[in-house]
Amino acid sequence: RVLILDIAIPLFSEQGFNGVSMRNIANKVGISAAALYHHYPDKQSLYLAAMERAFADKAEGITAAARQPGSIEDRLYAFVKSFTKLMANDPNFRTLFQRELLDGDESRLQLLADKVFGEAFKAMTELASELDPDGDPHLLAISMAGLVLFHFETEPVRRFLPGGLKKHGNLKVVTEHVYNLLAHMLINKKT
């Protein structure tokens, strides 16, 4: 099962859900289609398992960072660092996520929201509630993630835009920038 998922993740990332067949995955794994169906009854269950595997340890890291003991500043920094590291270091996951957003299949998006992203997002909204008690925690959590995610989504063109520097792709530079922006807007707002 682990080998199947490890082969399926980059295939789904490169070709999308609709671009990959169960037969194609079975061939890449070196097993029969019947053997693949023995482990996963359909492509959607395989895809969901692949997404869960691609995000599982990352979700734990994001959740732990947002909920760690310490000041709100420490937890915000830990969250931004953890989420930035995820987006920077796992292009397969990032591409899978982007493909899902573009494809827009509501049943798969609902499954991903419930089974893959739910607990991490809950931790993010808890952090957002503390950062801005008078604001909308859902929107703030989406905005916090978006600040990091969009940086990596636009990387192919961003580096050619006026003022684009090589260092803007550095994990630490992105982490510091997003943290400072959020801290300035939210934490300093309280004082």
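What comes next is a walk through the structure.

### Section: the overall build of the chain
- When its secondary structure is counted, the chain shows 11 helices and 0 strands.
- If you line up the chain on its principal axes, its C-alpha atoms span 65 × 35 × 25 Å.
- By residue count, 41% of the 191 residues in the chain fall in the buried class.
- Once local pairs closer than 6 in sequence are excluded, the contacts in the chain between residues at least 24 apart make up 65%.
- In the form shown here, the chain has an accessible surface area of approximately 10300 Å², with 57% of it arising from carbon and sulfur atoms.
- Taken as two groups, the 22 positive and 23 negative side-chain charges of the chain have centres that lie 7 Å from each other.

### Focus on the environment of Lys 122
- Tracing the sequence through the fold places Lys 122 in helix α8 (residues 118–131).
- Along the chain, Lys 122 and Met 144 lie 22 residues apart, while their C-alpha atoms are 13 Å from each other.

### What about the nonpolar core?
- If you look at the biggest cluster of nonpolar residues, it comprises 58 residues, and the most contacted ones within it are Phe 12, Ile 25, Leu 46, Phe 55, Leu 76, Phe 93 and Leu 131.
- At 11 residues, helix α4 (residues 43–67) tops the list of elements feeding residues into this core.

### So, the packing of α8 against helix α9 (residues 137–153)
- Look at α8 against α9: their axes get within 8 Å of each other, and the N-to-C directions meet at 110 degrees. With respect to α9, the element α8 is oriented roughly perpendicular. Counted together, Phe 121, Met 124, Thr 125, Leu 127, Ala 128, Ser 129 and Leu 131 of α8 and Pro 137, His 138, Leu 140, Ala 141, Ile 142, Met 144 and Ala 145 of α9 form the full contact between these two elements.

### Points about helix α6 (residues 91–103)
- With 13 residues, α6 should cover 18 Å at 1.5 Å per step; its first-to-last C-alpha distance of 18 Å lies within 8% of that length.
- Looking only at α6, the buried set comprises Phe 93, Arg 94, Leu 96, Phe 97 and Glu 100. Taken around the axis of α6, the buried residues stretch over an arc of 160 degrees, which confines them to a single face.
- Phi turns positive one or two residues past the end of α6, at Gly 104, with a value near 70 degrees.

Rules and cut-offs
Residues numbered from 1 in each chain as written. Predicted model: local features only at pLDDT ≥ 70, side-chain atom pairs only at ≥ 80, totals over all residues. Heavy atoms only, no water. Helix = DSSP H or I, 4+ residues; strand = E, 2+ residues; numbered from the N terminus. Buried < 20%, exposed > 50% of the residue type's maximum accessible area, 1.4 Å probe, protein only. Contact = heavy atoms within 4.5 Å. Areas by Shrake-Rupley, 256 points an atom, 1.4 Å probe, with all protein chains shown as cover. Lys, Arg positive; Asp, Glu negative; His and termini not counted. Charge placed at Lys NZ, Arg CZ, Asp CG, Glu CD. Core = buried A, V, L, I, M, F, W, Y, C linked by side-chain atoms within 4.5 Å. Axes fitted to C-alpha atoms, helices over the stretch in contact; angles between N-to-C directions. Parallel < 35°, antiparallel > 145°, perpendicular 65-115°, else oblique. Expected span 1.5 Å × (residues − 1). Arc of directions from axis to C-beta.

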